[in-house]
Amino acid sequence: MRAVNTAPPSASVPVTPGDALDVQPTPLALLLLGREADPKSERGVECPGDLPSPSDPDLVERARAAKERLGEKVFVLGHHYQRDEVIQFADVTGDSFKLARDAAARPEAEYIVFCGVHFMAESADILTGDRQQVVLPDLAAGCSMADMATAEQVAECWDVLTEAGVADVTVPVSYMNSSADIKAFTGRHGGTICTSSNAKRALDWAFSQGEPGRGKVLFLPDQHLGRNTAVRDMGMSLEDCVVYNPHRPNGGLTAEELRGAKMILWRGHCSVHGRFTLESVNDVRERVPGVNVLVHPECRHEVVAAADHVGSTEHIIKTLEAAPAGSKWAIGTELNLVRRLANRFAPEGKEIVFLDRTVCFCSTMNRIDLPHLVWALESLADGKVVNRVQVDPETEKFAKLALERMLALP
């Protein structure tokens, strides 16, 4: 589907509430990083060409000069989780879907440089015009969550649902944090995409598509967002949710369990948000009296249940903007963003700390560094397109259909 080098998908397997993290590698995960390749993987491994040295003191000036040479031909997108050294060159910042839409709203930009991860660049390619080219400065900037659901695994899951007699009453809802292949599967099977901001609206729509009382949702690939939305926002019970594990026969579920469930959750998770625990919440409340705990809905259910506030990245930012001076906040999301918000609101007397004692960046997001950005911008300025991310027309057609259903949500 993509004209790029790719690497094996992540071997990490997410957890159900209360379980410890475990690892169940697939054969693809045993391929040697950097030499072998899986064309269906979310993550790339190689960036051809010579990168500038990370110790080069002129990197900032080189990036600025290359961007000035390109002028209106380039539009740089920066995800909230990017490092400060990269985000300073972004024309706009935001979450993955906002950035993809911002790119689509700039048809005059010939090059879209996406400082994020691979699935985000794919989404931008799907939503932008044919003449626009999307560049990811480091093809190895993937997403472990997106890698947890491959096209082959999801197709097998659908066969299991069909054999259990529930596929005809099941609507797939896929999180934005998924590969183009998974978005296309969703589009083909009458489903929609969702973000952490509109997950409830997407689920309301999905359950309205079939006969009342019989409908089900297959939620991909983040089990925690699906569970938290169903239970916290829609009043379902934990018993209404089952977890489909692609590493077990029939997903580790019986036909009876599938027939009795309302939410069939894919066994996927975010490696950053999944690390926060109930102990983290209890600990920060002891350390910081009067603290408000604000977490992302990709966190585990017990963490979300114990928090004071829950919301998307954009919601977290807006909540802190509206917070009174002198208030104290523990934030359960990626550290680059938390640190940036702490610095931003310190002059207002707002105390903002990371929810966990252990520092945790998004390791794949952090692969986009200043040397890679400089290399990509200078290459474009010299007329050479590097690291282009391109979705094939068939995949794009159905993935875009699923995205358009989301845009049409009431």
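Residues numbered from 1 in each chain as written. Predicted model: local features only at pLDDT ≥ 70, side-chain atom pairs only at ≥ 80, totals over all residues. Heavy atoms only, no water.

Asker: I'm lost on the packing of aromatic side chains in this one. Help?
Answerer: The geometry of an aromatic ring pair comes down to the distance between the two centres and the angle between the two planes. Throughout the structure, instances matching the rule amount to three aromatic pairs. Relative to Trp 266, the ring of Tyr 244 lies with its centre 5.3 Å away and its plane at 25°, an arrangement referred to as stacked. In this pair, Tyr 244 sits in strand S10 (residues 241–244) while Trp 266 sits in strand S11 (residues 263–266), placing the two residues 22 residues apart along the sequence. What makes Tyr 244 buried here is its relative accessible area of 1%. Classification of Trp 266 as buried rests on a relative accessible area of 0%. Here Phe 276 and Phe 354 contribute two aromatic rings whose centre-to-centre distance is 5.4 Å and whose plane-to-plane angle is 65°, an arrangement assigned as edge-to-face. Placement of the pair is Phe 276 in the loop between S11 and helix H11 (278–287) and Phe 354 in strand S15 (residues 351–354), with a sequence separation of 78 residues. Phe 354 carries the same exposure label as Phe 276, and that label is buried. One Lys or Arg, Arg 106, reaches over the ring of Phe 75 and ends 4.2 Å from the middle of that ring. (Phe/Tyr/Trp six-rings, centres within 6.5 Å; stacked < 30°, edge-to-face > 60°. Helix = DSSP H or I, 4+ residues; strand = E, 2+ residues; numbered from the N terminus. Buried < 20%, exposed > 50% of the residue type's maximum accessible area, 1.4 Å probe, protein only. Lys NZ or Arg CZ within 6 Å of the ring centre and 35° of its normal.)

Asker: Honestly, the sheet that holds strand S6 (residues 133–135) in this entry has me stumped. Any pointers?
Answerer: Adjacent strands of a sheet form backbone hydrogen bonds with each other and so pair up, either parallel or antiparallel. Read from one edge to the other, the open sheet built from four strands follows the order S4-S3-S5-S6, with strand pairing classed as parallel. Each edge of the open sheet is held by one strand with a lone partner, namely strand S4 (92–94) and S6. Averaged over all pairs of adjacent strands, the angle between their axes in this sheet comes to 25°, without regard to strand direction. Pairing geometry for strand S5 (residues 111–115) and S6, over three bridges, is parallel. Looking at the pairing, Tyr 111 lines up with Gln 133 of S6. (Pairing = 2+ DSSP bridges. Axes fitted to C-alpha atoms, helices over the stretch in contact; angles between N-to-C directions.)

Asker: Quick question: what am I supposed to make of the packing of helix H6 (residues 151–163) against helix H7 (residues 180–188) here?
Answerer: Geometry of a packed helix pair, given as the angle between the helix axes and the separation of the axes. Orientation of H6 relative to H7, taken along the N-to-C sense of each, is 25°, at an axis distance of 9 Å. It follows that H6 is roughly parallel to H7 by the angle criterion. Here Ala 151, Val 154 and Trp 158 of H6 come into contact with H7, specifically with Asp 181, Ile 182 and Phe 185. Of the residues assigned to the contact of H6 with H7, the class counts are five nonpolar, no polar and one charged. (Parallel < 35°, antiparallel > 145°, perpendicular 65-115°, else oblique. Contact = heavy atoms within 4.5 Å. Nonpolar A, V, L, I, M, F, W, Y, C, P; charged D, E, K, R; others polar.)

Asker: Just to check I follow, could you spell out the confidence of the model for the protein chain for this structure?
Answerer: Taken residue by residue, the protein chain gives an average pLDDT of 88. The fraction at 70 or more is 88%. Here residues 1–39 is a poorly scored stretch, pLDDT under 50, and it has 98 contacts once near neighbours within four places are set aside; other chains count. (pLDDT = per-residue confidence, 0-100.)

Asker: What should I look at first to understand the sheet that holds S11 in this one?
Answerer: In space, the five strands of this open sheet follow the order S8-S7-S9-S11-S10, with parallel pairing throughout. For this open sheet the edge positions go to strand S8 (192–194) and S10, each flanked by a neighbour on one side alone. Between one strand axis and the next, the sheet turns by 25° as a mean value, whatever way the strands run. As paired strands, S10 and S11 are joined by four bridges and run parallel to one another.

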